[in-house]
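Architecture and fold: a report
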Amino acid sequence: MNPAHLTIKEAAENIAERKISVTELVSSCLKEIEKHNTDLNAYLNIFDDSLEEAKKKDEELSGYPKKDSPQIPSLFGIPIAVKDNILVKDKICTAGSKILENFVAPYDATVISKLKKHGAILIGKTNLDEFAMGSSTENSAFGPTKNPHDSSRVAGGSSGGSAAAVAANMCLGALGSDTGGSIRQPASFCGTVGFKPTYGTVSRHGLIAMASSLDQIGPLTKTVDDAEIIYKAISGGDDFDSTSVKNLPLPSKKERKDLVFGIPKEYFSEGLDPEVEKKIRKTIEKMKDAGVAFKEISLPSFEYALAAYYVIVPAEISANLARYDGIRYGFSHQEAKNLLEVYNKSRHAGFGDEVKRRIMLGTYTLSAGYYDAYYIKAQKVRRVIKEGFARAFEEIDLLLGPTTSTTAFQLGENTKDPLKMYLADIYTVAVNLAGLPAISIPAGKIGNLPVGLQLIGKWFEEENIFEAAKFIEKLITSR
Ligand code: GLN
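It should be emphasised that the depicted structure is a prediction, and the values quoted were computed from it without experimental measurement. (Residues numbered from 1 in each chain as written. Predicted model: local features only at pLDDT ≥ 70, side-chain atom pairs only at ≥ 80, totals over all residues. Heavy atoms only, no water.)

**What about the overall build of the protein?**
Going by this rule: A run of H or I in DSSP becomes a helix once it reaches four residues, and a run of E becomes a strand once it reaches two; helices and strands are each numbered from the N terminus. Computation of the radius of gyration draws on C-alpha atoms, with the globule rule given as 2.2 Å multiplied by the number of residues to the power 0.38. When a residue's accessible area, from a 1.4 Å probe over protein chains only, is under 20% of the maximum for its type it is buried; when over 50% it is exposed; and in between it is partly exposed. Note on definitions: a residue-residue contact is assigned when non-hydrogen atoms from the two residues lie within 4.5 Å. When charges are counted, neither His nor the chain ends are considered; positive counts come from Lys and Arg and negative counts from Asp and Glu. Charge coordinates come from a single atom per side chain, which is NZ of Lys, CZ of Arg, CG of Asp or CD of Glu.
Helix and strand content of the protein: 15 helices and 13 strands. In terms of C-alpha radius of gyration, the protein reaches 21 Å, essentially the compact-globule figure of 23 Å for 479 residues. Each of the three principal axes of the protein carries a C-alpha extent, and together these read 65 × 55 × 45 Å. Buried residues in the protein amount to 59% of all 479 residues. Considering only contacts within the protein whose residues lie at least 6 apart along the sequence, 76% involve residues at least 24 apart. In the protein, the 59 positive side-chain charges and the 61 negative ones have mean positions that sit 1 Å from each other.

**Digging into the pairing of strand E2 (residues 79–83)**
Quick reminder of the rule: Think of it like this: strands point away, you trace from the first strand over the helix to the second, and a clockwise trace means the crossover is right-handed. Should DSSP find at least two bridges between two strands, the strands are regarded as paired.
Within E2, 5 of the 5 residues are buried, which leaves the element mostly enclosed by the surrounding structure. With burial as the criterion, each face of E2 is covered, one bearing Pro79, Ala81 and Lys83 and the other bearing Ile80 and Val82. Handedness of the crossover joining E2 and strand E3 (residues 121–126) through helix H4 (residues 110–117) is recorded here as right-handed. By the bridge criterion, 3 bridges tie E2 to strand E6 (residues 173–178) in an arrangement that is parallel.

**Re the site of the ligand**
Quick note on the threshold: Only a single heavy atom is needed: when it lies within 4 Å of a molecule or strand, its residue is near that molecule or strand. N or O atoms closer than or at 3.5 Å make up a polar contact, with two conditions inside protein: a donor-capable atom paired with an acceptor-capable one, and, for residues adjacent in sequence, both atoms drawn from side chains. All accessible areas in this document rest on Shrake-Rupley with a 1.4 Å probe, and a residue is counted as covered only by the protein chains that are shown. Only protein atoms enter the 1 Å grid, on which a cavity is a set of points fitting a 1.4 Å probe that cannot get out and a pocket is an open set with protein on both sides within 12 Å along at least 5 of 7 lines, lining residues being those with an atom within 4 Å of a point. Assignment of a molecule to a cavity or pocket requires that more than half of its atoms lie within 2 Å of the corresponding grid points. Classification convention: Asp, Glu, Lys, Arg as charged; Ala, Val, Leu, Ile, Met, Phe, Trp, Tyr, Cys, Pro as nonpolar; all other residues, Gly among them, as polar.
As a matter of local geometry, the ligand sits amid 15 residues, with Gly180, Ser182, Tyr309, Arg358 and Asp425 nearest to it. Between the ligand and Ala132, the relevant distance is 2.8 Å, taken from a nitrogen atom to a main-chain nitrogen or oxygen of the residue. A distance of 2.9 Å separates a nitrogen atom of the ligand from a polar side-chain atom of Ser135. A total of 290 Å² of accessible area belongs to the ligand in isolation, and the protein chains cover 100% of it. In this structure, the ligand is accommodated by the largest cavity. When grouped by side-chain class, the residues that make up the shell around the ligand number 5 nonpolar, 7 polar and 3 charged.

**Details of the nonpolar core**
We apply this condition: Among buried residues, the Ala, Val, Leu, Ile, Met, Phe, Trp, Tyr and Cys ones that are joined through side-chain atoms within 4.5 Å form a nonpolar core.
If you look at the biggest cluster of nonpolar residues, it comprises 140 residues, and the most contacted ones within it are Phe131, Phe261 and Leu400. If one sorts the elements of this core by residue count, helix H9 (residues 305–320) sits on top with 9 residues. Among the nonpolar cores identified, the runner-up in size contains 6 residues, and Val154, Phe189, Met421 and Ala424 belong to it.

**Re the environment of Phe409**
Structurally, Phe409 can be placed in the loop between strand E11 (398–402) and helix H13 (418–422). We classify Phe409 as buried; its relative accessible area is 6%. When the C-alpha positions of Phe409 and Asp150 are compared, they lie 10.0 Å apart, and in sequence the two are 259 residues distant.

**What about a nonpolar patch on the surface?**
Counted only if it meets this: Like charges are joined within 9 Å and nonpolar side chains (Val, Leu, Ile, Met, Phe, Trp, Tyr) within 5 Å, but only among residues with over 30% relative accessible area and no salt bridge; these make up the patches. Only one rule defines a salt bridge in this text: a Lys or Arg side-chain nitrogen within 4 Å of an Asp or Glu carboxyl oxygen.
A grouping of Tyr364, Tyr370 and Tyr374 is seen on the molecular surface, where their side chains present a nonpolar patch of about 280 Å² in accessible area. Here Tyr374 is to be found in helix H12 (residues 371–395). Judged by relative accessible area, which is 34%, Tyr374 ranks as partly exposed.

**Let's talk about the packing of H4 against helix H7 (residues 224–234)**
The condition is simple: To define axes, lines are fitted to C-alpha atoms, for helices over the stretch in contact only, and angles between the resulting N-to-C directions are given on a 0 to 180 degree scale. Here roughly perpendicular refers to angles of 65 to 115 degrees, roughly parallel to angles under 35, roughly antiparallel to angles over 145, and oblique to all remaining angles. What makes a crossing left-handed is the near helix being turned counterclockwise from the far one by less than a right angle; a clockwise turn instead makes it right-handed.
For the pair H4 and H7, the least separation of the axes is 8 Å and the interaxial angle reads 110 degrees. In terms of orientation, H4 and H7 fall into the roughly perpendicular class. Here the hand of the crossing between H4 and H7 comes out right-handed. Residues Val111, Lys114 and Leu115 of H4 form the contact with H7, whose own contacting residues are Ile230, Ala233 and Ile234.

**Remarks on helix H11 (residues 353–365)**
In an α-helix, one turn spans 3.6 residues; hence positions three or four apart end up facing the same way. Note the threshold: Any helix carries an expected span of 1.5 Å times its number of residues minus one. Throughout, the arc means that of the directions going from the helix axis to the C-beta atoms.
In this model H11 runs 18 Å from its N-terminal to its C-terminal C-alpha over 13 residues, within 8% of the 18 Å that 1.5 Å per residue would give. Among the residues of H11, those classed as buried are Glu354, Val355, Arg358, Ile359, Gly362 and Thr365. With its buried residues spanning 140 degrees around the axis, H11 presents them on a single face. Opposite the packed face of H11, turned more than 90 degrees from it, sit the exposed residues Asp353 and Met360. Buried positions along H11 lie against H9, helix H10 (339–350), H12 and H13.

**Comments concerning the sheet that holds strand E8 (residues 216–221)**
Strand order in the open sheet formed by 11 strands is E1-E3-E2-E6-E8-E7-E12-E13-E11-E9-E10, with mixed pairing between adjacent strands. In the strand order of this sheet, the two ends are held by strand E1 (43–46) and strand E10 (293–297), each with one partner. Taken over all neighbouring pairs, the strand axes of this sheet differ in orientation by 30 degrees on average, direction set aside. Bridge count for E6 against E8 is 6 bridges, and the pairing is antiparallel. Counterpart to Ala174 in the pairing with E8 is Leu220.

**Things to note about helix H15 (residues 462–477)**
The end-to-end C-alpha distance of H15 is 22 Å, a good match for the 22 Å that 16 residues give at a rise of 1.5 Å each. All of the buried residues in H15 are Glu462, Glu463, Asn464, Ile465, Phe466, Ala468, Ala469, Phe471, Ile472, Glu473, Leu475 and Ile476.

**A look at empty space enclosed by the protein**
Stated precisely, the cut-off is as follows: Grid points are joined across faces, edges and corners, and a volume is the space filled by probe spheres set on the points.
Tallied over the entire structure, the rule returns 2 cavities of 30 Å³ or more. Volume-wise, the largest cavity comes out at about 60 Å³. Lining of the largest cavity is provided by Ala132, Gly134, Ser135, Thr179, Gly180, Gly181, Ser182, Met210, Tyr309, Tyr310, Arg358 and Asp425. Tallied by class, residues from the lining of the largest cavity come to 4 nonpolar, 6 polar and 2 charged. Volume-wise, the second largest cavity comes out at about 40 Å³. Around the second largest cavity, the lining residues are Leu299, Ser301, Phe302, Ile385, Gly388, Phe389 and Ala430. Take the lining of the second largest cavity: its biggest share by element is 3 residues, from H12. Classifying every residue of the lining of the second largest cavity by side-chain character gives 5 nonpolar, 2 polar and no charged.

Written out as structure tokens, the structure reads:
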């Protein structure tokens, strides 16, 4: 058995029973990295102290009583990869951008302190689209990440590095961030589980901001169980993030047999690859055979989601990225005659095309005279979308549909056409606008390319998502 191929749950059991050591587990992941990373480019930085950390954990383990002791922290000795827009103290954090190429994080993000507290071993930082803007990881200043199932194809994005790292067994689980689909879409392309929690349940402190009112950190893993383990470890209120929810509503968990699933007809309309549709419908049939209740529903405002997203997100980006001025962080252009030139030249040379495009769009929609016409209008649409979901959830508990309209596309296929690239998130962005929790789980393959099935839950009802996703995961793998 190659320990790198284990799930988090299995590895934790094996460690508790002293069947494998943490050192063995971490070194087997490092071996996979050595084998695959040159080709896949999933990691930007591999932590050279991870083996030492593993040894320390093995020593620590002798202090715990043998066998599944409840005292052993849930992620004890588990190698976890971290998207490179989340700060890990004393490690470089690039956000996939040249402008932060040499930026060393001065503190741990809250999610990182929590992972450490739960015993995880951080194994390295993963590739992403620059500042998490993109759907293929091709916008990274450090080259694209390739899909482990077919290296001529993209891994998805923006958390493509994390998805590829999990899919290629280069870690047991990873953190990503999801502003419009960046956890779920790469998870779908790489055949992993990807979970985007309800906005506010996981602290954003120490996450390099893209669009603050949508950004959420979440796990990418091999199984739903594992996603739940990481989610439980990283969630909870945080004084450092005023939008994090301090007193979570008590989880309202339903029995699996009482859950009613909604099929939004807009998720099965024009643009959906017929082969992907077939896979999702097949799972629905299987669920029906198992006695699951379904309802056809409609989300009429769905069609405006992408447009509203691409007004609101650039607006927030233009504000959030104003801080990269060539003085406060990382890269600074050396040949400037005055302060304004420092700003201009550093930003010109430090940012890539997509980032510049969004800064310009956002600055435009926020400017006097256009603010009402674009930004305010988009905020109104956002509210209508949220209300549309709320109405749907009066009738059903979970929405089920595809995560993406196609399987992973070819490297370079969409890079010349930003609008086509934006369409890669057609089924994911509305969730972020509404702040809902959603998961993508593998639902079989077309050829060798994975298909992702998406479940969207009510606000704060992550428990129901996990319950349903585990059930569907079992149905699919029993095929
Ligand atoms: N692909 C989307 C975008 O480019 C989503 C990105 C994300 O979720 N970080 O905005």
